[in-house]
Amino acid sequence: MLNKKSVRDIDVKGKKVIMRVDFNVPLDENGNISDNTRIIAALPTINYLIDQGAKLILMSHLGRPKGEANPKYSLEPVAQGLADALGKEVTFASDDIVVGESAKEATAEMKDGDVILLQNVRYRKEETKNGENFSQELASLGEIFVNDAFGTAHRAHSSTVGITQFLPAYGGLLIEKELRVMGGAIENPERPFAAILGGAKVSDKIGVINNLLEKVDSLIIGGGMAYTFLKAQGYEVGTSLLEEDKIGLAKELLHKAREKSVELLLPKDVVIAKEFKADAEHRTVSIDQIPADYMGLDIGEETQQAFKKTIEKAKTVVWNGPMGVFEMPAFAKGTRAIAEALADSDATTIIGGGDSAAAVKQLGYGDKMTHISTGGGASLELLEGKNLPGIEVLEDK
Ligand code: AMP
């Protein structure tokens, strides 16, 4: 998947480029953009294409309008937000059917460097079904397709995959970076290569653990998912998160780690509480001391130190999933310690999307990481070693 062509490999001067971006930004109750990170993330590719003299037609989804027009999910405020960020006019084609009169008219009269944003592609029910007619309608507006929406690259939709039946397809700079940094780390990492996994469930990350055990030198497991592994090792975990039906699998994965000589690190001590509450009374105990009526909600100090030691030795680190219930300050220390260790490291540090990305940014370490993935689900699938449909359809180098 690393050998895909990007916008850098083609000549776009004077061409109509229809580009899938991820403008799925959070809106507040008044319909204002509350966080424009995704708009900012798309700017490098947008500016590059403008500078190269392309005529740029942008499309995105926003929320889940379930295949019908719904003003709550209109991209109109995003067109304004983008215009502000670019310092340049952005024409919003407001058709409820996405490719309607206003889109057709606006795209017919474009000059080099013009930017148009289409209405939410999920206003059309065919979008998420990868419907051929809608794919063709979208394609009819442009001459070249570019995908820069890594966050939806694991989905085969009209605006990510279907459209490529009708137009030559290339990656944007964001997708190029995701593939180079994250794809590159998995396929050809500088060693030692350490992966840190956390979050709630083992079941969500079985594929990731399985694939990473083939690639990494060290695998660090924290968060709620650690307790199923601890149970598999014979520890009593009280009322901690536990997936009974995955204990057997956890044993197999522990066995695989030994077979592959992967250093597998699990918590040695944990912060426990009786209740799942921000102000619950809590204390740190060794993992063989978890009382039957207590649950583990964070990794302890000793564990933080052990995890840090492995991180310090690594030349490549990939992290997905918090070490504890980081939304509650009392149980956020483990996640913070890992974020700090990564921020201090000279290694290539890659944060899978979702909660760990949010945690790293919230703690102010965003610019200390080599790369923070813009796609939660998509980055997990990349870590699983899967081929992403939205990437596979791009032209090969
Ligand atoms: P995920 O979406 O799988 O990455 O899981 C993230 C969620 O896991 C966060 O909301 C955390 O609060 C939660 N989590 C992490 N550690 C624990 C734990 N020890 N017990 C319960 N929930 C946890």
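Only a predicted model underlies this, so the values are computations on that prediction, with no experimental measurement involved. (Residues numbered from 1 in each chain as written. Predicted model: local features only at pLDDT ≥ 70, side-chain atom pairs only at ≥ 80, totals over all residues. Heavy atoms only, no water.)

## A short note on the UniProt feature "binding site: ATP" (unreviewed entry) in the protein chain
Per the UniProt record, "binding site: ATP" (unreviewed entry) is annotated on Lys205, Gly296, Glu327, Gly353, Gly354, Asp355 and Ser356. In terms of the greatest pairwise C-alpha distance, the residues named above, spread along 152 residues, do not form a single cluster, extending to 24.2 Å across. If you trace the backbone, lysine 205 turns up in the loop between β7 (193–197) and α6 (206–213). Relative to the helices and strands, glycine 354 is located in the loop between β14 (348–351) and α11 (355–362). (UniProt positions renumbered as here; feature names shortened; annotations may be inferred. Helix = DSSP H or I, 4+ residues; strand = E, 2+ residues; numbered from the N terminus.)

## Focus: the nonpolar core
Judged by nonpolar contacts, the single largest core of 71 residues is most densely connected at Ile18, Leu118, Leu138, Ile209, Leu219 and Phe229. Considering each element in turn, this core owes the most residues, 6 residues, to helix α5 (residues 173–187). Aside from chain neighbours lying at most four places away, what touches isoleucine 209 is Leu197, Val202, Leu219, Met225, Phe229 and Leu253. Counting 32 residues, the second-largest nonpolar core is a separate cluster that includes Val7, Val12, Val90 and Leu117. (Core = buried A, V, L, I, M, F, W, Y, C linked by side-chain atoms within 4.5 Å. Buried < 20%, exposed > 50% of the residue type's maximum accessible area, 1.4 Å probe, protein only. Contact = heavy atoms within 4.5 Å.)

## Description of the site of the ligand
Around the ligand, 15 residues are found, and the nearest of them are Ala200, Gly224, Gly296, Glu327 and Asp355. Separating an oxygen atom of the ligand from a side-chain N or O atom of glutamate 327 is a distance of 2.5 Å. Surface burial for the ligand is 81%, taken as the share of its 510 Å² of free accessible area covered by protein chains. (Near = heavy atom within 4 Å. Polar contact = N/O pair within 3.5 Å; in protein donor to acceptor, adjacent residues only side chain to side chain. Areas by Shrake-Rupley, 256 points an atom, 1.4 Å probe, with all protein chains shown as cover.)

## Considerations on the environment of leucine 56
With respect to the helices and strands, the residue leucine 56 is situated in strand β2 (residues 55–59). On the basis of relative accessibility, which here comes to 0%, the residue leucine 56 falls in the buried class. Along the backbone, leucine 56 and glycine 296 are 240 residues apart, and their C-alpha atoms lie at a distance of 51 Å. Look past the residues within four positions of leucine 56 in its chain and what remains in contact with it is Val17, Met19, Ile46, Leu49, Ile50, Met110, Asp114, Val115 and Ile116.

## Brief notes about the pattern of salt bridges
Throughout the structure, instances matching the rule amount to 16 salt bridges. The residue aspartate 112 makes a salt bridge to lysine 13 at a minimum N-O spacing of 3.0 Å. Separated by 99 residues along the polypeptide, aspartate 112 in the loop between α3 (101–108) and β4 (115–118) and lysine 13 in the segment before β1 (16–20) bring together distant segments of the chain. For aspartate 112, a relative accessible area of 38% puts it in the partly exposed group. For lysine 256, the salt bridge identified is with glutamate 214, shortest N-O distance 2.8 Å. Of the two residues, lysine 256 is situated in helix α8 (residues 247–259) and glutamate 214 in the loop between α6 and β8 (218–221); the sequence distance between them amounts to 42 residues. The exposure class of glutamate 214 is partly exposed, given its relative accessible area of 45%. The structure contains a network of salt bridges with shared partners spanning Lys13, Lys55 and Asp112. (Salt bridge = Lys/Arg side-chain N within 4 Å of Asp/Glu carboxyl O.)

## Here's the deal with α6
Since there are 3.6 residues in each turn of an α-helix, residues three or four apart along the chain are aligned in direction. Burial analysis of α6 places 6 of its 8 residues in the buried class, the great majority of the element. Among all positions in α6, only Ile206, Val208, Ile209, Asn211, Leu212 and Leu213 are buried.

## Let's talk about the sheet that holds strand β10 (residues 269–273)
Judged by pairing direction, the sheet is antiparallel, and its 3 strands sit side by side in the order β11-β10-β12 without closing on themselves. The sheet is open, and its two edges are formed by β11 (282–286) and β12 (295–299), each paired on a single side. The sheet shows a mean angle of 40° between the axes of neighbouring strands, direction not considered. With 4 bridges joining them, β10 and β12 adopt antiparallel strand pairing. Bridged to isoleucine 272 within β12 is glycine 296. Strands β10 and β12 of the sheet are contacted by helix α9 (residues 301–313), whose axis makes an angle of about 45° with β12. (Pairing = 2+ DSSP bridges. Axes fitted to C-alpha atoms, helices over the stretch in contact; angles between N-to-C directions.)

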